[in-house]
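The chain contents come next:
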Amino acid sequence: MPCFRVRRELDTLVNESNYDINNHLEVILSTAGIKVGRQNYTYNSAGKTYNGENVYGILQAPRGDATEAIVLVAAWSSVNETFNGNGVALAITLARYFKRWSLWSKDIIILIPPDSRTGTQAWVDAYHDAHDSNNVASLPLKSGALQGAIAIDYAMDQRFDGIHIIYDGTNGQLPNLDLINSIVNIGGGQMGMQTAIQGMQHHNDSYRDRLMTMLRGMLKQGLGICAGPHSSFIPYHVDAVTLQPYGEGWHDEMAMGRVIEGTFRSLNNLLEHLHQSFFFYLLMQRDRFVSIGTYLPSAMLLAANFTIMAIFLWVKSGQPAAQVQMPVVATFEKPPPAKPTLSKAPGIPPAINSTERDLSLPLGIVAGCHAASVIPLFVLSNVPARTQQLVSTKLIGHVLHLLCRASIHHIVPSSRMLHTKDAALSADQVAVLACPWNGISDAGYTELLNTISKYFVVALLSAVAPPVVVYPATHLAGSSVAEFLQQASFGWNVWAVYTPVVIWCIWWPAWLVAMTNVLSGTSDDAEIFTTEKK
């Protein structure tokens, strides 16, 4: 078999350098009549340098005009950082096989990066002229607009039972659902092959398996991390997935090649870009999903409660304590004679005067907390990996917490106003983790909320603090905090993942403002509460 011979040829290059491997791959692709280009790149993140060289070839379509193209990606190092020998060999074999066909109306690009994390990102950025020319070289060869991409992650040597479809993109973006449906129909309908998503290889269509599949998809979307070489294409509106064989069965490279061939022929027949199906969905099974029209209302309700609470506190903060209505007390004394006054129409309540709100200090505290959030974002994205553990989230959170408690404890003029700003800014947060912030009472530093209940609110807020959430999550995932911080820095510097920005510039400042609001007692709140109780 040609694929077998290519694999044995590639085995001799395992210990060679990236440059020598690309020299050999360039000869193979050029011999097949494919135009070859190479690209150097360098990334710096957390004190480490990631460099390499991509090699790619463009198979020009006999019936096309070089305005559209499809990409076949096979990284030398797989997602699990092992030798992707069968994947690279299958990509080269398919390139030779596709070269003999005359039915292609779109160009086919064969991309072989040195790894699955950095090489594809550098190539896609340079293809769309969105790269930093100081670190990423421009591409010597280009084709038309990319219509789709398929990545092969085939590092196993034995025969497999099914194909795992990895579809998660960076920052929670997803490919068009029609691409996943096409691969499922081709693999299951034509080849009799099992297909799986989200690592659920033995999905029995039960409620538990559906829920587990959906929760895994939501977690990866929420983290926004890169799941494979395909993730770099999705931000540029290029539908892409990674195909990864799993299990032990009777399928081999031939079956895998036929699935990829069928997918490429489906993409080749497209008259326009995929757009009819869904881009926002939660998959519960390979052929069962929840559309955005079903889950979006619940998400909007979670976000709306912060806006409603902010409006309520804003209105309440403008009512002075003297205008609180007193209850009527029964008396037997004869009332004094009424003076002639202009009577108001029945049913019209008395006018309520509003007091002037002092926004300077509350806004200053909120702005200061958000300005200070740039410090951990910059430090943890640029310091070397060995020192990230020392400048961890827990240290920064506790230091600033103590500073705020010592400096702001007696100077906040109105905790209600500070709570209003906090609730308003929390509307765009991770709403589930931020919901306890609405339980902070604006009269919480008097008789109603005593010392015990106040520190109960502090404990509740501490339970949803970024350090408290991040530390157990890393240990449950079998990782360390230092490794998590290094991966977060890599995601921000290389993949432009927004998760560090959400944690440090949105979630953490709002949590800090909420904690300051709880720990800063004020006298005017006590006066309002006392008047209401009278």
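Cut-off values and rules
Residues numbered from 1 in each chain as written. Predicted model: local features only at pLDDT ≥ 70, side-chain atom pairs only at ≥ 80, totals over all residues. Heavy atoms only, no water. Pairing = 2+ DSSP bridges. Helix = DSSP H or I, 4+ residues; strand = E, 2+ residues; numbered from the N terminus. Axes fitted to C-alpha atoms, helices over the stretch in contact; angles between N-to-C directions. Contact = heavy atoms within 4.5 Å. Buried < 20%, exposed > 50% of the residue type's maximum accessible area, 1.4 Å probe, protein only. Arc of directions from axis to C-beta. Salt bridge = Lys/Arg side-chain N within 4 Å of Asp/Glu carboxyl O. Parallel < 35°, antiparallel > 145°, perpendicular 65-115°, else oblique. Nonpolar A, V, L, I, M, F, W, Y, C, P; charged D, E, K, R; others polar. UniProt positions renumbered as here; feature names shortened; annotations may be inferred. Phe/Tyr/Trp six-rings, centres within 6.5 Å; stacked < 30°, edge-to-face > 60°. Lys NZ or Arg CZ within 6 Å of the ring centre and 35° of its normal. Expected span 1.5 Å × (residues − 1). Right-handed = clockwise from strand over helix to strand, strands pointing away. pLDDT = per-residue confidence, 0-100. Patch = residues over 30% accessible without salt bridge, like charges linked within 9 Å, V, L, I, M, F, W, Y side chains within 5 Å. Areas by Shrake-Rupley, 256 points an atom, 1.4 Å probe, with all protein chains shown as cover. Polar contact = N/O pair within 3.5 Å; in protein donor to acceptor, adjacent residues only side chain to side chain.

This part takes up the sheet that holds strand E1 (residues 35-45). Strands sit in the order E1-E2-E4-E3-E5-E8-E6-E7 across an open sheet of 8 strands; the sheet is mixed. Each edge of the sheet is formed by a strand with only one pairing partner; in this case those strands are E1 and strand E7 (194-197). Across the sheet, the mean angle from the axis of one strand to that of its neighbour is 25°, orientation sign disregarded. With 5 bridges connecting them, strand E3 (residues 68-73) and strand E4 (residues 107-112) associate as parallel partners. Bridged to leucine 72 within E4 is isoleucine 110. Running over the sheet, helix H2 (residues 18-31) touches E1, strand E2 (48-59) and E4 and is turned about 5° from E2. Across the sheet, helix H3 (residues 85-99) lies against E2, E3, E4 and strand E5 (145-152), angled at about 160° from E4, the strand it touches most.

An α-helix turns once per 3.6 residues; consequently, residues spaced three or four apart project the same way. Taken together, the buried positions of helix H10 (residues 374-382) are Pro376, Leu377, Leu380 and Ser381. The buried side chains of H10 occupy one side of the element, clustering within an arc of 115° when seen end-on. Exposed side of H10, more than 90 degrees from the buried face: Ile375 and Phe378 are the residues found there.

In the structure shown here, the tally under the stated rule is 12 salt bridges. Ionic contacts of the salt-bridge type, sharing partners, join the residues Arg7, Arg8, Asp11 and Asp157 into one network.

Looking now at the packing of H10 against helix H17 (residues 481-495). At a minimum axis separation of 8 Å, H10 and H17 run at an interaxial angle of 100°. As summarised for this structure, H10 and H17 are arranged roughly perpendicular, according to the angle between their axes. Here Leu380, Ser381 and Asn382 of H10 come into contact with H17, specifically with Leu485, Ser489, Trp492 and Asn493. Each residue belonging to the contact of H10 with H17 can be placed in one class, and the counts come to 3 nonpolar, 4 polar and no charged.

Further remarks concern the UniProt feature "transmembrane region" (unreviewed entry) in the protein. If you check UniProt for "transmembrane region" (unreviewed entry), the listed places come out as residues 292-315, 455-474 and 494-514 in our numbering. Secondary structure across residues 292-315 divides into 100% helix and 0% strand, with the first and last C-alpha atoms of the span separated by 34 Å. This span, residues 494-514, is 86% helix and 0% strand, and a straight line between its end C-alpha atoms measures 33 Å.

Applying the stated criterion across every chain, the model contains 17 aromatic pairs. Ring geometry for tryptophan 123 and phenylalanine 233: centres 6.4 Å apart, planes at 50°, overall tilted. In this pair, tryptophan 123 is assigned in helix H4 (residues 119-127) and phenylalanine 233 in the loop between helix H6 (207-223) and strand E8 (240-251), connecting sequence segments 110 residues apart. Cluster of aromatic residues (ring-pair linked, three or more members): Tyr97, Phe98, Trp101, Trp104 and Phe264. The ring of tyrosine 19 carries the charged tip of arginine 38 above its face, separated from the ring centre by 5.0 Å.

Residues in a regular strand project their side chains so that they alternate between the two faces of the sheet. As judged from the 4 bridges shared by E5 and E8, these two strands associate in the parallel manner. The partner of alanine 151 across the bridge, within E8, is threonine 242. Summarising the sheet, strand E6 (residues 160-166) and E8 pair through 6 bridges and their orientation is antiparallel. Residue pairing for E8: glycine 162 is matched across the bridge by tyrosine 246.

An ideal rise of 1.5 Å per residue puts 18 Å on 13 residues; helix H15 (residues 451-463) measures up with 18 Å between its terminal C-alpha atoms. Regarding H15, the residues found buried are Lys454, Val457, Val458 and Leu461. The arc that holds every buried residue of H15, seen down its axis, measures 100°, which confines them to one face. Exposed positions of H15 whose direction lies more than 90 degrees from the buried face are Ile452 and Phe456.

It is worth spelling out the environment of serine 489 at this point. Mapped onto the elements, serine 489 comes out in helix H17. For the pair formed by serine 489 and valine 383, sequence separation is 106 residues and the distance between their alpha carbons is 9.1 Å.

Moving on: the pairing of E3. Summarising burial for E3: 5 of the 6 residues are buried, a large majority. With 6 bridges joining them, E3 and E5 adopt parallel strand pairing. Residue pairing in the sheet places valine 73 in a bridge with alanine 151 of E5. Of the crossover connections in this fold, the one passing from E3 over H3 to the parallel E4 is right-handed.

So, about the confidence of the model for the protein. Confidence in the prediction for the protein averages 80 pLDDT; 78% of positions are at 70 or higher. Low pLDDT, under 50, characterises residues 406-414; the predicted model gives this stretch 18 contacts beyond four residues in sequence or across chains. Contacts from residues 522-534, a stretch scored under 50 in pLDDT, to residues over four places away or in other chains number 28 contacts.

With that settled, the discussion passes to the environment of isoleucine 292. Structurally, isoleucine 292 can be placed in helix H8 (residues 292-317). In this structure, the C-alpha to C-alpha distance between isoleucine 292 and phenylalanine 280, residues 12 residues apart in sequence, is 5.6 Å. Beyond its immediate chain neighbours, meaning those up to four positions away, isoleucine 292 contacts Phe280 and Pro297.

Quick look at a nonpolar patch on the surface now. Residues Tyr207, Leu211, Leu215 and Met218 make up a contiguous nonpolar surface patch of roughly 420 Å² in combined accessible area. Its place among the elements puts leucine 215 in helix H6.

To continue, consider the side chain of arginine 7. Within the secondary structure, arginine 7 sits in helix H1 (residues 2-11). What makes arginine 7 buried here is its relative accessible area of 10%. Separated by 2.9 Å, the side chains of arginine 7 and aspartate 11 make a polar contact. Excluding residues that lie within four positions of it along the chain, arginine 7 makes contacts with Phe83, Gly85, Asn86, Ala89 and Asp157.

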